[in-house]
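Structural characterization, general
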Amino acid sequence: MVLGIETSCDETGIALLEDGERILSAGVASQESIHAPYAGVVPELASRQHLRLLGQMLQTCVREAGVSLPQIELVAVTRGPGLAGCLLSGVSFAKGLAYGLGVSVLGVNHIEAHIYSCCLAGDVEFPALALVVSGGHTLLVLVRGWGCYELLGQTRDDAVGEAYDKVASMIGLPFPGGPAVEARAMRCGSGPGAGRTASGGVSFPRPLSTSGDLNFSFSGLKTAVLYWLKKHAGKPLNEDEVDGVAHGFQEAVIEVLLKKTLRAAQRADARCMLLAGGVARNESLRRRLQEGARGIGIALHCAPKEYCTDNGVMVAALGYRKYTGGVRDDWSLDIAPGLKLVKSEA
Ligand code: KG4
Ligand code: ZN
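Residues numbered from 1 in each chain as written. Chains lettered and ligands numbered in written order. Predicted model: local features only at pLDDT ≥ 70, side-chain atom pairs only at ≥ 80, totals over all residues. Heavy atoms only, no water.

Some points on the packing of aromatic side chains
Note the threshold: Note on aromatic pairs: the rings of Phe, Tyr and Trp (six-membered ring only in Trp) are paired at centre separations within 6.5 Å, and the planes decide the class, stacked below 30 degrees, edge-to-face beyond 60, tilted for the rest. A run of H or I in DSSP counts as a helix once it spans at least four residues, and a run of E counts as a strand once it spans at least two, with each numbered from the N terminus. Note on exposure labels: buried denotes an accessible area under 20% of the residue type's maximum, exposed denotes more than 50%, and partly exposed covers the range between, all computed with a 1.4 Å probe on protein chains only.
Applying the stated criterion across every chain yields a total of five aromatic pairs. Consider the rings of Tyr99 and Trp331, whose centres lie 5.1 Å apart with planes at 75°: the pair is edge-to-face. Of this pair, Tyr99 sits in helix H3 (residues 84–101) while Trp331 sits in the segment after helix H10 (312–324), placing them 232 residues apart in sequence. The exposure class assigned to Trp331 is partly exposed, which follows from its relative accessible area of 41%. With a centroid separation of 5.0 Å and 85° between ring planes, the pair formed by Tyr164 and Phe249 is classed as edge-to-face.

Describing unusual backbone geometry
Omega for the peptide link from Phe126 to Pro127 comes to -5°, which places this bond in the cis form. Structurally, Pro127 can be placed in the loop between helix H4 (110–116) and strand S6 (128–133). Following Phe175, the chain continues to Pro176 via a peptide bond in cis, the omega torsion being -5°. With respect to the element layout, Pro176 can be found in the loop between helix H5 (160–170) and helix H6 (177–188). At Asp19, a position not held by glycine, the phi torsion is positive, near 55°. Counting through the fold element by element, Asp19 comes out in the loop between strand S2 (11–18) and strand S3 (22–30). Of note in this structure, Asp269 is not a glycine but carries a positive phi near 55°.

Remarks on the pairing of strand S9 (residues 272–276)
What counts is decided by this rule: A pair of strands is labelled paired if DSSP reports no fewer than 2 bridges between them. Classification remark: right-handed applies to a crossover when, strands pointing away from the viewer, the course from the first strand over the helix to the second runs clockwise.
Summarising burial for S9: five of the five residues are buried, a large majority. Burial along S9 is two-sided: the face carrying Cys272, Leu274 and Ala276 and the face carrying Met273 and Leu275 are both buried. Bridge analysis of S6 against S9 gives five bridges, and the strand direction is parallel. Its bridge partner being in S9, Ala130 is matched across the sheet by Leu274. At this point the chain moves from S9, through helix H9 (residues 283–295), to the parallel strand S10 (residues 299–302), and the crossover so formed is right-handed.

Re the domain arrangement of the chain
Here is the rule: What counts as a domain boundary in this text is fixed by an automatic or database domain assignment. The contact criterion used is simple: two residues touch if any of their non-hydrogen atoms lie within 4.5 Å. As a working definition, buried area equals the accessible area (1.4 Å probe) given up by two parts on being put together, with both sides summed. Salt bridges are counted wherever a side-chain nitrogen of Lys or Arg sits within 4 Å of a carboxyl oxygen of Asp or Glu. Distance and chemistry together define a polar contact, namely a pair of N or O atoms within 3.5 Å, with one atom able to donate a hydrogen and the other to accept it when in protein, and with adjacent residues in sequence counting only for side-chain atoms on both sides. Under the convention adopted here, Pro, Cys and the residues Ala, Val, Leu, Ile, Met, Phe, Trp and Tyr are nonpolar, Asp, Glu, Lys and Arg are charged, and Gly plus all remaining residues are polar.
For the chain, the assigned domains are domain 1 (2–115 + 307–324) and domain 2 (122–305). Put simply, the middle of domain 1 and the middle of domain 2, counted by C-alpha atoms, are 27 Å apart. Between domain 1 and domain 2, the residue contacts involve 16 residues of the former and 22 residues of the latter. Both sides together, the interface formed by domain 1 and domain 2 hides about 1500 Å², and carbon and sulfur atoms give 76% of it. On the surface where domain 1 and domain 2 come into contact, there are zero salt bridges. Linking domain 1 to domain 2 there are six residue pairs in polar contact (both at pLDDT 80 or more). Taken together, the residues of the side of domain 1 that touches domain 2 break down into eight nonpolar, four polar and four charged.

Some words on the site of ligand 1
The test is simple: Whether a residue is near a molecule or strand depends on its heavy atoms: if one lies within 4 Å, it is near. Residue burial considers only the protein chains on display, and all accessible areas are found by Shrake-Rupley using a 1.4 Å probe.
Looking at ligand 1, there are 21 residues lining it, with Gly135, Asp165, Gly178, Glu182 and Gly278 nearest. Between an oxygen atom of ligand 1 and a main-chain N or O atom of Asp310, the distance comes to 3.1 Å. Considering ligand 1 on its own, with 560 Å² of exposed area, one finds that the protein chains cover 92% of that surface. Secondary-structure elements contributing two or more residues to the shell around ligand 1 are H4, H5 and H6. Per-element tally for the shell around ligand 1: the top contributor is H6, with four residues. For the shell around ligand 1, the class distribution of residues is five nonpolar, eleven polar and five charged. Lining the shell around ligand 1 are residues from two domains, each supplying at least three of them: domain 1 (2–115 + 307–324) and domain 2 (122–305).

Here's the deal with H6
We count it as follows: Residue count minus one, scaled by 1.5 Å, sets the expected span of a helix.
With twelve residues, H6 should reach 16 Å at 1.5 Å per residue; the first-to-last C-alpha distance of 17 Å fits that figure. Taken together, the buried positions of H6 are Gly177, Ala180, Val181, Glu182, Arg184, Ala185 and Cys188. For H6, the secondary structure elements touched by its buried residues are H5, helix H8 (239–267) and H9.

Regarding the coordination of the zinc ion (ligand 2)
Put simply, the test is: Donors, by definition, are the N, O and S atoms found within 2.8 Å of a metal, the threshold being 3.2 Å for Na, K and Ca, and water is not counted, so a site can look incomplete. Sites are called tetrahedral only when four donors show all angles between 85 and 135 degrees, square planar or octahedral only when four or six donors show opposite pairs over 155 degrees and all other angles between 65 and 115, and irregular in any remaining case.
Within the first shell, the zinc ion (ligand 2) binds the protein through His110 (NE2), His114 (NE2) and Asp310 (OD), at distances of 2.0 to 2.1 Å. Angles of 91 to 148° at the metal separate the four donor atoms of the zinc ion (ligand 2), which places the site in the irregular class. Each donor residue of the zinc ion (ligand 2) belongs to the same chain, with the gaps between them written as H-x3-H-x195-D. Residue His110 is located in helix H4, and its partner Asp310 is located in the loop between S10 and H10; the two are separated by 200 residues in the primary sequence. Judged by its relative accessible area of 4%, His110 falls in the buried class.

Some remarks on the pairing of strand S5 (residues 104–109)
Most of S5 sits inside the fold, with five of its six residues counted as buried. Two elements, strand S4 (residues 74–80) and S5, share six bridges in a ladder whose sense is parallel. Bridged to Thr78 within S5 is Val108.

Written out as structure tokens, the structure reads:
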């Protein structure tokens, strides 16, 4: 019986798993309304909110699972990467709880947990090529086996989710921007509810798409949106124009992600592709990657939508695998805000 605790950014996630896969109870408290006025996450506000919520969320989680606290056998917690204060809230809580219960505490890597959440969608064959797209990360990772990773490419500036959030704020859409931009893009493009905008959207550049390497850059795209908006200075965008910008931005993002992910999978001779992180909730991205994977004859496993954004289930699931694989931490477990994925684990 493993308890998973996730507090690396602005979601407080707690989950109880049995045998590493049976989800007994899971809860996520989003802080969207707290950070919305700032159009981005305010670290101190986020840490304090985790501190406020963890105790009551644990009580609810245990009650809903129909178990009692002493039945918990392991406490797994995200130790990095993430915001230092947020990680401290979660790791301190986890250590205190584990100490009180007389069980082990195990720190896990947040990115590894995102990638591992793809297991919830099907059996992963190695080597697997993972695209991790979230508010803080945009990574292409070769997964040779669980615990053995090679970073193939990453963003040089903004993460994809961050670019979604910033562009949303520029065109007057609410935070977090991803779901809002996706909804507006759908009204314009070829997705469900299409055809609302006759123009078919605005065309933006595809940054680094011809660079030959596997890195990304999204700040130039953000600037291109800004320049387009400046050309319309003094005149608020009408609904069709908002749809058009959202669609044009999303098309540019997806095209670059698709091109580089397929290139990486082919270069590495991957046996499947994985898609994880908050932006993996995006239906157009899932569909286009699915088509791309089919085109090169391999499977794509997307993290289930409800476990794409930060959650405790992925932490508990990975904690179980690591613990049963012999990985241990002691009471000196510390946070690691800049934690990297490791090439191989002892
Ligand atoms: O993984 P996550 O919860 O947090 C980090 O670890 O960063 O990802 C949050 C990010 C936000 O930037 C949000 O705008 C984005 O995921 N996001 C989306 C969608 N849903 C959430 N981006 C694009 N389309 C979506 N449907
Ligand atoms: Zn995350």
